[in-house]
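Spelled out from the first residue to the last, the chains are:
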Amino acid sequence: MLNYIFRRLLLLPLVVLGVTFLLFFLTQRLSPEMRASLYVKDPRQMGALEEVIREYGLRDNVFKQYGRWLKNVAHGDLGYSPSANMPVAKAIKEYLPATIQLAFVTIIFVVFFGVWFGCGSAIHKDEWKDIVARLISVGGFSLPIFVLGLILLMVFYGQLGWFAPGGYSVQTDVIIHSPMFKTYTGFLLADALLNGNFRVFWDVLSHLVLPAVTLCIGSFALMVRVMRSSMLEELNKDYVRTARAKGLTKWQIVYKHAGKNAIIPVITLASIQFIRLLGGTVIVETIFDYPGIGRFGVIAAQQLDIAGILGFSLMVAVLFVLGNLLSDILYTAVDPRIRLD
């Protein structure tokens, strides 16, 4: 297995190079003057664009500019983000923990309820439980995520006033930036518990509810469909019929035998969804004004923040490769017959 992991990790630089070079090449379609204007903060400096172009080598060929960017990345310098008004590396460090919190809360509910409903739907095929589960999955999968998000925001914030958008309230903002509140992990939920401040914990958690529910419904629907199809396929195989003939109970057949094989596609789906969430749930974070990495990527794109776009893309590419590697490793834990060597 170690050889397999090593080989997959060797692919990581190739994927990163491919993704970042493609985006870098696309940004070169902008003229040097347009790219130089991104470095100008004062309109009175617009007359000095040529000096900016020479300073940053914006007229050099794309390979030379890309090589210069890679050299800076190797030294931990991802550039400066005008949209975030800070270095890109610092912006990722600041915005990513909020997205990780949202991703963890979402994926826990998606996997637990998705597997549960999917298994129940397959076991009770064509019964009322199966019909209800299929209706929920089809409805959730068909409803556009931005429509669902806006409906939840309108009802639970606009009309009921229960859950507010954003990452936390103004009162919590004052507390977490005070000397009394210590930062241990960078994750507000964990830091609030470590500080013994349950007011901050519940406030941050309440702001996670609407974006998490919005993400859950779409992802949950897909999880139910995959788990149901996989379980039905396993239940119709010969080894299951043999187990029934030997007198094994339904629990033993489903959870000790068929379940382990049926959950393999779910592992792939769950890992991809989790990495997608970590990469930034762009639409949801924008709708709920959630201060995550996806919103940072949107703002960087809107303001033609090239350094921010490249830094965001670099992070997503790395996460996807590592996520796929993790799902392959989990296969062996679920099914010992799989060998990665």
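Calculation notes
Residues numbered from 1 in each chain as written. Predicted model: local features only at pLDDT ≥ 70, side-chain atom pairs only at ≥ 80, totals over all residues. Heavy atoms only, no water. Helix = DSSP H or I, 4+ residues; strand = E, 2+ residues; numbered from the N terminus. Contact = heavy atoms within 4.5 Å. Areas by Shrake-Rupley, 256 points an atom, 1.4 Å probe, with all protein chains shown as cover. Buried < 20%, exposed > 50% of the residue type's maximum accessible area, 1.4 Å probe, protein only. Lys, Arg positive; Asp, Glu negative; His and termini not counted. Salt bridge = Lys/Arg side-chain N within 4 Å of Asp/Glu carboxyl O. Phe/Tyr/Trp six-rings, centres within 6.5 Å; stacked < 30°, edge-to-face > 60°. Axes fitted to C-alpha atoms, helices over the stretch in contact; angles between N-to-C directions. Left-handed = near helix turned anticlockwise from the far one by under 90°. Nonpolar A, V, L, I, M, F, W, Y, C, P; charged D, E, K, R; others polar. Core = buried A, V, L, I, M, F, W, Y, C linked by side-chain atoms within 4.5 Å. Disulfide = S-S within 2.5 Å. Parallel < 35°, antiparallel > 145°, perpendicular 65-115°, else oblique.

Brief notes about the overall build of the chain
Piece 1. On a plain count of helices and strands, the chain comes out with 16 helices and two strands.
Piece 2. Sequence-distant contacts, at least 24 apart, represent 70% of the contacts inside the chain between residues at least 6 apart.
Piece 3. Counting only carbon and sulfur atoms, one obtains 67% of the accessible surface of the chain, whose full area is about 18800 Å².

Some points on the side chain of Asp203
Piece 1. Relative to the elements of secondary structure, Asp203 occurs in helix 10 (residues 198-235).
Piece 2. Buried charge without a partner: Asp203 forms no salt bridge, and the closest opposite charge is Arg199, 7.1 Å away.
Piece 3. Dropping the residues within four chain positions of it, Asp203 is found in contact with Tyr168, Ser169 and Thr172.

A few points about the packing of aromatic side chains
Piece 1. Applying the stated criterion across every chain, the model contains 17 aromatic pairs.
Piece 2. Residues Phe201 and Trp202 carry aromatic rings whose centres are separated by 5.3 Å and whose planes lie at 80° to one another, so their mutual orientation is edge-to-face.
Piece 3. A relative accessible area of 15% means that Phe201 is categorised as buried.
Piece 4. Residue classification places Trp202 among the exposed positions, given a relative accessible area of 54%.
Piece 5. Ring-pair connections join several aromatic residues into one group, and the members of that group are Phe21, Phe24, Phe25, Phe63, Tyr66 and Trp69.

Let's talk about the pattern of salt bridges
Piece 1. In the structure shown here, the tally under the stated rule is five salt bridges.
Piece 2. Note that Asp130 is salt-bridged to Arg228, the shortest N-O span being 2.8 Å. With Asp130 in helix 6 (residues 128-142) and Arg228 in helix 10, this pair connects stretches of sequence that are 98 residues apart. For the pair formed by Asp130 and Arg228, the shared burial category is buried.
Piece 3. Between Lys237 and Glu234 there is a salt bridge whose closest N-O contact spans 3.1 Å.
Piece 4. Looking at Lys237, the relative accessible area reads 32%, which means it is partly exposed.

Concerning helix 15 (residues 293-302)
Because the α-helix completes a turn every 3.6 residues, residues three or four places apart line up on one side.
Piece 1. The set of residues buried in helix 15 consists of Ile293, Gly294, Phe296, Gly297, Val298 and Ala300.
Piece 2. A positive phi of about 50° marks Leu304, the residue just after helix 15.

Focus: the packing of helix 7 (residues 145-159) against helix 10
Piece 1. Running from N to C, helix 7 and helix 10 point in directions that differ by 145°, and their axes come no closer than 10 Å. Considering only the axes of helix 7 and helix 10, their crossing is right-handed. Contacts between helix 7 and helix 10 involve Ile145, Leu148, Gly149, Leu152, Leu153 and Phe156 on the former and, on the latter, Leu210, Val213, Thr214, Leu215 and Ile217.
Piece 2. A class-by-class count of the residues in the contact of helix 7 with helix 10 yields nine nonpolar, two polar and no charged.

Brief notes about the environment of Ala221
Piece 1. In this fold, Ala221 is placed in helix 10.
Piece 2. Through-space distance from the C-alpha of Ala221 to that of Arg134 is 8.5 Å; in sequence the pair is 87 residues apart.
Piece 3. The residues contacting Ala221, other than those within four sequence positions of it, are Ile136, Ser137, Gly140, Phe141 and Cys216.

Examining the nonpolar core
Piece 1. Within the largest apolar cluster, 48 residues are counted, with the highest numbers of intra-cluster contacts made by Ile92, Leu278, Ile293 and Met315.
Piece 2. It is helix 5 (residues 88-123) that provides the largest number of residues to this core, a total of ten residues.
Piece 3. Beyond its immediate chain neighbours, meaning those up to four positions away, Leu278 contacts Leu96, Thr99, Ile100, Ala103, Ile293, Met315 and Leu319.
Piece 4. Formed by 19 residues, the second largest nonpolar core is a distinct cluster that contains Leu235, Ala243, Ile253 and Val254.

Describing unusual backbone geometry
Piece 1. With a phi close to 60°, Asn85 is a non-glycine residue in the positive phi region.
Piece 2. Along the chain, Asn85 turns up in the loop between strand 1 (80-81) and strand 2 (86-87).
Piece 3. The phi torsion at Leu304 lies on the positive side, around 50°, for a residue other than glycine.
Piece 4. Structurally, the position occupied by Leu304 is in the loop between helix 15 and helix 16 (306-334).

Points about the state of the cysteines
Piece 1. If you walk through the whole model with that rule in mind, you get zero disulfides.
Piece 2. Of all cysteine sulfurs, the one in Cys216 lies closest to Cys119, which takes part in no disulfide; the gap is 18 Å.
Piece 3. On the accessibility criterion, Cys119 (7% relative accessible area) is buried.
Piece 4. On the basis of relative accessible area, Cys216 is assigned to the buried category, the value being 15%.

What about the side chain of Thr214?
Piece 1. As for its position among the elements, Thr214 is in helix 10.
Piece 2. We classify Thr214 as buried; its relative accessible area is 1%.

Let's talk about the packing of helix 6 against helix 10
Piece 1. Contact geometry for helix 6 and helix 10: axes closest at 8 Å, N-to-C directions at 135°. Here helix 6 is positioned oblique relative to helix 10, judged by the angle of their axes. Crossing geometry of helix 6 relative to helix 10 is assigned as left-handed. Touching Asp130, Ala133, Arg134, Ile136, Ser137, Gly140 and Phe141 of helix 6 are Ile217, Gly218, Phe220, Ala221, Leu222, Val224, Arg225 and Arg228, all from helix 10.

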